[in-house]
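If you want the building blocks of each chain, they are given just below.
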Number of protein chains: 2
Amino acid sequence: MTHTTAAPIIILVRSQLPENVGMVARAMLNCELIELRLVAPQFDWPHERAEAASCNATAVLERVKVFDSVAAAVADLSFVLATTARERHMVKPIYSPTAAIEYALSRPPGERVGILFGPEKAGLLNEDLMLADAILTAPLNPQFSSLNLAQAVLLVAWEWRRLTVVSADKIQPTKGSPLATKESLHNFYTRLVAMLDESGFLRVQDKRPKMVRNIKNIFDRAQLTEQEVQTLFGMLRSIKDPGIKPRRKKHASARRRA
Amino acid sequence: MTHTTAAPIIILVRSQLPENVGMVARAMLNCELIELRLVAPQFDWPHERAEAASCNATAVLERVKVFDSVAAAVADLSFVLATTARERHMVKPIYSPTAAIEYALSRPPGERVGILFGPEKAGLLNEDLMLADAILTAPLNPQFSSLNLAQAVLLVAWEWRRLTVVSADKIQPTKGSPLATKESLHNFYTRLVAMLDESGFLRVQDKRPKMVRNIKNIFDRAQLTEQEVQTLFGMLRSIKDPGIKPRRKKHASARRRA
């Protein structure tokens, strides 16, 4: 796990339903956040309904710390954000989930950031907000901005994951077969064009270069694997000469052995 | 609502629980996505349990379209992504939620993008995936990557919201009172320094310029409002001369009238 020291701590204040704590733990572990604190939960802790709702997010649940007050829960932290959907008319900076995580990641090791989430119905009280350095609000649909507790935690946790995981945004898998080399593609195009010349498809000489280019572009865009190039060529041969059976490596080596 | 034509269409395939459709509708409307399609839902539609779970996301629910097959549900779309947590060993490009939304936003008006989400337990079948151009997978904790349906939709919907809403990442609200002008701040600093000179705090002449600069920096960082500058100055005056009552505008104008 990377960035452990910068990972924000999720703090649920006076939560009403153990199921929600379980779902929060699940959303956190989905995104590799593991430190969860509860302030004055309105139920016994630990709770089997939290465990059931967490879908085995035990890595989070077994580390949960319970506090009597927000002040105690944030005592060891350096920066605290309080989540709220409502405008609170306080002179505190307001962070988006993205800005909150970027801030956490910008701090030196040892400084810890905590994020407070209020109870399901009422949200955080102004006296909770007094203990925070900043407000965290997601820029949601202003006509419909109320998230449930686990969804609110997920947005923050996802921003953490998104900004810390090194992963390609787009991957082109190749199912075992590597992408075709340029040489293979060149051979394929050469044989394909020869076939098309032979068939008369490219007989208008004026248009031939552009047609060849366009056909090449179609297959280039497909990012073919070696296997797919062989398959395509086999298809074309088969269409051209329907009688001939596809060549298989087995046959080829059998022939060599013969 | 901006970007309507580029907004992806969410397609739930063979969903098992009407509650989940309701929670999906809520997550969508939170992020101003409104087009939801159901393929062969495993319950009657419309359904009151979906309505209850949606927390009044009627703007989405009343537009829901129901289809018999995935093929019918994607017939009018130009690009289809299939969400899956598992590695499917298919030669299809794999998009992150971010890349999927960036792709949708890059398309010309009229081209529509759809995103398939499978049933709660099993996910999409390979025959569903055959109808998609690409796979969508969030780079979650590889040891704990299973999201519930509404959470999976929220990740995509949030990326849509995050990438389309023009909003500052960090806002400094001012509670009605505007930020102090440089002139107000200059006056405040001048009076503060005069007080400190008078009190002997700045008596070491070598250190005076640096001390003045440091003090100014403290208040500059706070991005004071006009009101706060007045409050601070009132505090200092009061500390300096405990007897004197704070000047109020009312008194001042009363004096003027007198």
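For the structure itself, look to the data block above.
Residues numbered from 1 in each chain as written. Chains lettered and ligands numbered in written order. Predicted model: local features only at pLDDT ≥ 70, side-chain atom pairs only at ≥ 80, totals over all residues. Heavy atoms only, no water.

Engineer: Summarise the overall build of chain A; cite the residues concerned and give the values.
Structural biologist: For chain A, the count of helices and strands is 11 helices and 8 strands. Expressed as a percentage of its 258 residues, the buried residues of chain A come to 46%. Long-range contacts, defined as pairs at least 24 residues apart, comprise 83% of the intrachain contacts of chain A with a sequence gap of at least 6. (Helix = DSSP H or I, 4+ residues; strand = E, 2+ residues; numbered from the N terminus. Buried < 20%, exposed > 50% of the residue type's maximum accessible area, 1.4 Å probe, protein only. Contact = heavy atoms within 4.5 Å.)

Engineer: Please set out the environment of Ser177(A) residue by residue, giving values where relevant.
Structural biologist: Residue and element names in this part refer to chain A. Tracing the sequence through the fold places serine 177 in the loop between strand 8 (170–171) and helix 8 (182–199). Residue serine 177 is classed as buried on the basis of its relative accessible area of 15%. Taking the C-alpha atoms as reference points, serine 177 and leucine 224, separated by 47 residues in sequence, lie 9.7 Å from one another. Among residues more than four places away in sequence, those in contact with serine 177 are Thr225, Glu226 and Gln227.

Engineer: If you had to explain the pattern of salt bridges to someone new, which residues and values would you point to?
Structural biologist: Residues and elements named next belong to chain B. All chains considered together, the criterion is met by 18 salt bridges over all chains. The salt bridge partner of aspartate 128 is arginine 14, with a shortest N-O separation of 2.7 Å. Taken together, the positions of aspartate 128 in helix 6 (residues 126–129) and arginine 14 in the loop between strand 1 (9–13) and helix 1 (18–30) put the pair 114 residues apart, joining distant regions of the chain. By relative accessible area, aspartate 128 is classed as buried at 5%. The class for arginine 14 is partly exposed, based on a relative accessible area of 22%. Across the salt bridge formed by arginine 208 and aspartate 197, the nearest N and O atoms sit 2.6 Å from each other. You can see arginine 208 sitting in helix 9 (residues 208–221) and its partner aspartate 197 sitting in helix 8 (residues 182–199), a full 11 residues away along the chain. Given a relative accessible area of 23%, arginine 208 falls into the partly exposed group. (Salt bridge = Lys/Arg side-chain N within 4 Å of Asp/Glu carboxyl O.)

Engineer: Just give me the short version of the packing of helix 8 of chain A against helix 10 (residues 226–240) of chain A, but keep the residues and values in it.
Structural biologist: The angle between the axes and the distance between the axes are what describe a pair of packed helices. Residues and elements named next belong to chain A. As a packed pair, helix 8 and helix 10 sit with axes 10 Å apart at the nearest point and diverge in direction by 15 degrees. One element, helix 8, and the other, helix 10, form an angle in the roughly parallel class. Crossing of helix 8 against helix 10: the hand is left-handed. In this structure, helix 8 uses Ser184, Leu185, Phe188, Arg191, Leu192, Met195 and Glu198 to contact helix 10, whose residues at the interface are Glu226, Val229, Leu232, Phe233, Leu236, Arg237 and Lys240. (Axes fitted to C-alpha atoms, helices over the stretch in contact; angles between N-to-C directions. Parallel < 35°, antiparallel > 145°, perpendicular 65-115°, else oblique. Left-handed = near helix turned anticlockwise from the far one by under 90°.)

Engineer: Lay out helix 9 of chain B in plain terms, naming residues and giving numbers.
Structural biologist: Across its 14 residues, helix 9 of chain B extends 20 Å between first and last C-alpha, which sits within 8% of the 20 Å expected from 1.5 Å per residue. Looking at the residues trailing helix 9 of chain B, positive phi occurs at Gln223(B), about 45 degrees. (Expected span 1.5 Å × (residues − 1).)

Engineer: Would you mind going over the packing of aromatic side chains in detail, with residue names and values included?
Structural biologist: Under the criterion given, the structure shown has 10 aromatic pairs over all chains. With centroids separated by 5.9 Å and ring planes inclined at 65 degrees, the aromatic side chains of Phe79(A) and Tyr95(A) adopt a geometry described as edge-to-face. Pair noted here: Phe79(A) is in strand 4 (residues 79–83) and Tyr95(A) is in strand 5 (residues 94–95), with a separation of 16 residues, a long-range link. On the basis of relative accessible area, Phe79(A) is assigned to the buried category, the value being 10%. Between Tyr95(B) and Tyr103(B), the aromatic rings sit 6.1 Å apart at their centres with planes inclined by 80 degrees, giving edge-to-face as the arrangement. Judged by its relative accessible area of 18%, Tyr103(B) is buried. Here the aromatic cluster, defined as three or more aromatic residues joined through ring pairs, consists of Phe79(A), Tyr95(A) and Tyr103(A). A cation over a ring is seen here: Arg191(A) above Phe233(A), with NZ or CZ 3.8 Å from the ring centre. (Phe/Tyr/Trp six-rings, centres within 6.5 Å; stacked < 30°, edge-to-face > 60°. Lys NZ or Arg CZ within 6 Å of the ring centre and 35° of its normal.)

Engineer: How would you explain helix 7 (residues 149–164) of chain A if you had to name every residue and give the values?
Structural biologist: For the α-helix, the turn length of 3.6 residues means that residues three or four positions removed from each other point alike. Residue and element names in this part refer to chain A. If you check helix 7, its first and last C-alpha atoms are 23 Å apart, about what 16 residues at 1.5 Å a residue would give, namely 22 Å. Extensive coverage of helix 7 is indicated by the burial of 15 of its 16 residues. The N-terminus of helix 7 is capped by asparagine 148, whose side-chain oxygen sits 3.1 Å from the backbone nitrogen of alanine 150. (Polar contact = N/O pair within 3.5 Å; in protein donor to acceptor, adjacent residues only side chain to side chain.)

Engineer: Describe the pairing of strand 2 (residues 36–39) of chain B, with residues and values.
Structural biologist: All names here are of chain B. Where burial is concerned, the two faces of strand 2 agree: the one with Leu36 and Leu38 and the one with Arg37 and Val39 are both buried. The sheet contact formed by strand 1 and strand 2 spans 4 bridges and is parallel. Opposite leucine 12, over in strand 2, you have leucine 38 as the bridge partner. For the handedness criterion, the β-α-β arrangement of strand 1, helix 1 and strand 2 is classed as right-handed. (Pairing = 2+ DSSP bridges. Right-handed = clockwise from strand over helix to strand, strands pointing away.)

Engineer: Report on the nonpolar core, specifying residues and quantitative values.
Structural biologist: The biggest cluster of nonpolar side chains holds 92 residues, and the ones touching the most others in it are Leu12(A), Leu36(A), Leu12(B) and Leu36(B). If we skip the residues at most four places from it in the chain, Leu36(B) touches Ile10(B), Leu12(B), Val21(B), Val24(B), Met28(B), Val60(B), Arg63(B), Val64(B) and Lys65(B). (Core = buried A, V, L, I, M, F, W, Y, C linked by side-chain atoms within 4.5 Å.)

Engineer: Report on the side chain of Glu159(B), specifying residues and quantitative values.
Structural biologist: Examined against the element boundaries, Glu159(B) turns out to sit in helix 7 (residues 149–164). Sequence-distant contacts of Glu159(B), that is, excluding residues within four places in its chain, are made with Trp158(A), Glu159(A), Arg162(A), Pro97(B), Thr98(B) and Ile101(B).

Engineer: I'd like to hear about unusual backbone geometry, residue by residue, with values.
Structural biologist: Residues and elements named next belong to chain A. With an omega of 0 degrees, the peptide bond running from tryptophan 45 to proline 46 counts as cis. Relative to the helices and strands, proline 46 is located in the loop between strand 2 (36–39) and helix 2 (48–53). Of note, the phi angle at cysteine 55 is positive, near 55 degrees, even though the residue is not glycine. Tracing the backbone shows cysteine 55 in the loop between helix 2 and helix 3 (58–61). Its relative accessible area of 37% is what places cysteine 55 among the partly exposed residues.

Engineer: Report on the environment of Tyr103(A), specifying residues and quantitative values.
Structural biologist: Residue and element names in this part refer to chain A. Along the chain, tyrosine 103 turns up in helix 5 (residues 97–106). The residues touching tyrosine 103, leaving out its near neighbours within four places in the chain, are Phe79, Tyr95 and Val113. A polar side-chain atom of tyrosine 103 sits 3.4 Å from a polar atom in the side chain of arginine 107.

Engineer: Please set out the packing of helix 8 of chain A against helix 9 (residues 208–221) of chain A residue by residue, giving values where relevant.
Structural biologist: All names here are of chain A. At a closest axis distance of 11 Å, the pairing of helix 8 and helix 9 adopts a crossing angle of 135 degrees. Relative to helix 9, the element helix 8 lies oblique. Once helix 8 is placed against helix 9, the crossing between them reads as right-handed. For the pair helix 8 and helix 9, contact is made by Phe188, Tyr189, Leu192, Val193, Leu196 and Asp197 and by Arg208, Val212, Ile215, Lys216, Phe219 and Asp220, respectively. Classifying every residue of the contact of helix 8 with helix 9 gives 8 nonpolar, no polar and 4 charged. (Nonpolar A, V, L, I, M, F, W, Y, C, P; charged D, E, K, R; others polar.)

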